[in-house]
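# Descriptive analysis of the structure
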Amino acid sequence: MLGYGKIAYVDLTDKQVEVMDVDEELAFKYIGGRGWAAYIIFKSLDQIIHGTHPSNVLVVATGPLDGTIFKGGSKTTFAAISPLTGIYGDSIVGGHLGSMMRGAGIDALVIRGASQEPCYLLVEDGRVEVESAEGLWGLHSRDADRKLREVHGDCSIATIGIAGEKLVSFACINVDWDLKLRRHAQAGRTGMGAVMGSKRLKAIVAKGGGEVEVADPERLAEVVERLRDQIAGSTLYEKWEKYGTMSVIEWSNKAEALPTKNFQYTRFDGVERFGGDAVHRVEEYTSGCANCMMPCGHTISVGDGHVTVDYENFAMLGPNLGLGDLEAIAKANYLCDYYGLDTISTGSVIAFVMECFQRGILDEERVGFEVRWGDAETVYRLIKLIAERKGFGNLMALGVRELSRYIGRGSERFAMHVKGLEISAYDHRAAPAMALSYATCDIGAHHNRSWAITYDLEVGRDNYGEDKARRVIYLQHLRPLFDMLGVCRFPWVELKVDPNLYAEAYSAVVGREFSLDDLLLCSERVWNLTRVIAILKKGIDVEDDTLPARDFEDPIPDGETKGSRIDRERFMELLRSYYRLRGWDERGWPTREKLLELGLEEAAEKLYG
């Protein structure tokens, strides 16, 4: 089938690999990436016990635009039942892993079981082999990457650090450590590193230089030329090249949305010390993902190593912890990568502990030492304890939801998570659309699904109108569509390129005609399927589509948005509008009719009998 390769089904328990063709239903109903992941996990759901049990299924899926000449075709989805949330979880990573897998003829890995001894997967020349990882287990992610690269040469490598080995519930996966010509990236959210660790899978090595066979190369080249023109012709292109996502530090602070001291405040004094300009002055190089025109890997030195910095990393490990020093934040970022920890969740968990100290809920006796806002050495110490699961770090490794349940004493009201996933770096008490995005996100509170805060600024921050629900739904279909296609969303998000180009490119690759609306329907299908997984796995309903008590009860203390908080009654009305527009019932369940309309007959049967 043109535009698609093969899927490798790997059973680590008995070291068996079966490589099969992609069937048309999977290809054209679910496209690729997170679409394939959601479908495969749904089909296996009855057998999956929990996130770190061998029965869990880890899907590593590229998209059909990966490995082609399409600009930004570089994204790979890691997905499973999340150890952190207990529902469907995924994390999307750039770099060169997806293009290397596609160049090797493998579109996806479906990994089951668990190895008795440490292992890694080698994807090369249309085959997948289970190799011994003797000598790699116990190494930090950077060191494991370097040892594997000595053996395999030009390749792309995904590794876990000791946090993944120790099953930290928010352990991440590193891709291509410390290569100047390739962006060092992470599959950070939802604990996919812990899933790999539970399977004794230290790494995935992809080595492929073949070409993806597309249906209409000339048409694809013409679409790519128009994409290039729109990117290069954007008035925002020069700023993007200079700063990448780091300019969002200053933007978020000005918009009074920068999480500060565990989302107590929305502004931080002195952001010029670690924002876009500050990073630009000290960066050593900028790297991009495969076939990229918008390199975002702004890299600075930390000790004898380097760290690639982004807004989310610096916001959650900086102002959110009371840190305002560039070198200190960068070192915390580096340590998270080194140990293999999601920066967003790590920043949130540490901030939660700091606020517990601030309020007298925790003390030195319980944690082992004093914890203070803005103390860099304490941050480094806590990161290490979490990764190694030592002392109080063993509890912190469970994530903020479970940690707050253990501590109690009212701490739950400022545990900043939705459905167990720590909230990413935008305060939303003066942004109802962004609040709705977080409350309804299928994996828990994550900005990549629906970055709606700009719409709040555009139409009014106190507006709870139905238009906001409609906008959130549109974003929840369009933004994840890029993950299904295997492409970067930044050209559309940052430079406003025409999203119809992506449908044209997909049509050229597979030789069938798809409009943007056709693809958005596929994305809606996947959104409803992940909702069904959450219902079947954890009974998710309207009670879970909510926010931390802080968002409803603690007004923003200063600035132009002083006094703002989410109005609970108006928010519930907005949520009801969201359900109605989605075709869901008052519980937040997709109706049988909606599921059948989307071609999800098996999901309808499982949900309704």
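Below is a short write-up of the structure. (Residues numbered from 1 in each chain as written. Predicted model: local features only at pLDDT ≥ 70, side-chain atom pairs only at ≥ 80, totals over all residues. Heavy atoms only, no water.)

Before going further, it helps to spend a moment on the overall build of the chain. Secondary structure summary: the chain contains 27 helices and 17 strands in total. Along the three orthogonal principal directions, the C-alpha set of the chain runs to about 60 × 55 × 50 Å. Here the chain holds 609 residues, and 67% of them are scored as buried. For the chain, long-range pairs separated by at least 24 residues make up 69% of all intrachain contacts whose partners lie at least 6 apart in sequence. (Helix = DSSP H or I, 4+ residues; strand = E, 2+ residues; numbered from the N terminus. Buried < 20%, exposed > 50% of the residue type's maximum accessible area, 1.4 Å probe, protein only. Contact = heavy atoms within 4.5 Å.)

When you tally the buried positions in strand E5 (residues 88-93), you get 6 out of 6 residues, the bulk of the element. Pairing analysis gives 6 bridges linking strand E4 (residues 76-81) to E5, with the strands arranged antiparallel. In the sheet register, Ala80 faces E5, and the bridge partner there is Gly89. Between E4 and E5, which pair antiparallel in sequence order, lie 6 residues; one of them, Gly86, sits at a positive phi of approximately 85°. (Pairing = 2+ DSSP bridges.)

Further remarks concern the nonpolar core. By size, the foremost hydrophobic cluster in this structure holds 181 residues, and its most contacted members are Trp36, Phe70, Phe314, Leu341 and Tyr578. Not counting residues up to four positions away in its chain, the partners in contact with Leu341 are Ala163, Val168, Phe170, Cys172, Cys336, Thr346, Ile383, Ile386 and Ala387. By size, the runner-up hydrophobic cluster in this structure holds 31 residues, among which are Leu58, Met100, Ile173 and Met196. (Core = buried A, V, L, I, M, F, W, Y, C linked by side-chain atoms within 4.5 Å.)

This brings us to the sheet that holds E5. What the 6 strands build is an open sheet, ordered E2-E1-E6-E3-E4-E5; its pairing is mixed. Both edges of this open sheet fall to strand E2 (16-21) and E5, since each of them pairs with a single strand only. Taken pair by pair, the neighbouring strands of this sheet meet at an average axis angle of 15°, ignoring direction. For strand E1 (residues 6-11) and E2, the ladder comprises 6 bridges, and the chain directions are antiparallel. In the strand pairing of E2, Tyr9 is matched with Glu18. Here helix H2 (residues 33-44) sits on the sheet in contact with E1, strand E3 (58-61), E4, E5 and strand E6 (106-112), set at roughly 20° to E4. (Axes fitted to C-alpha atoms, helices over the stretch in contact; angles between N-to-C directions.)

Turning our eyes to something else, we now look at helix H4 (residues 141-152). The α-helix advances 3.6 residues per turn, and as a result positions three or four apart in sequence lie on the same side. Between its terminal C-alpha atoms H4 stretches 16 Å, which fits the 16 Å expected from 12 residues at 1.5 Å a residue. Buried-residue contacts for H4 involve strand E7 (119-124), strand E9 (156-159), strand E10 (173-175), strand E12 (201-207) and helix H12 (326-339). One or two steps after H4, the chain reaches Gly153, where phi turns positive at roughly 70°. (Expected span 1.5 Å × (residues − 1).)

On to the sheet that holds E7, then. In space, the 6 strands of this open sheet follow the order E8-E7-E12-E9-E10-E11, with mixed pairing throughout. Because the sheet does not close on itself, it has two edges, and the strands there are strand E8 (127-132) and strand E11 (185-187). Ignoring strand direction, the axes of neighbouring strands in this sheet form an average angle of 20°. As paired strands, E7 and E12 are joined by 6 bridges and run parallel to one another. Within E12, the position partnered with Leu121 by the bridge is Ile204. Contacts from H4 reach E7, E9, E10 and E12 within the one sheet, and its direction differs from that of E9 by about 145°.

Turning our attention to the packing of helix H18 (residues 432-440) against helix H20 (residues 466-485). Where H18 contacts H20, the two axes come as close as 9 Å, and the packing angle between them is 50°. Considering the angle they form, H18 stands oblique to H20. Once H18 is placed against H20, the crossing between them reads as right-handed. Of the residues in H20, those in contact with Pro432, Ala433, Leu436, Ser437 and Thr440 of H18 are Lys468, Ala469, Val472 and Gln476. Along the lines of polarity and charge, the residues of the contact of H18 with H20 split into 5 nonpolar, 3 polar and 1 charged. (Parallel < 35°, antiparallel > 145°, perpendicular 65-115°, else oblique. Left-handed = near helix turned anticlockwise from the far one by under 90°. Nonpolar A, V, L, I, M, F, W, Y, C, P; charged D, E, K, R; others polar.)

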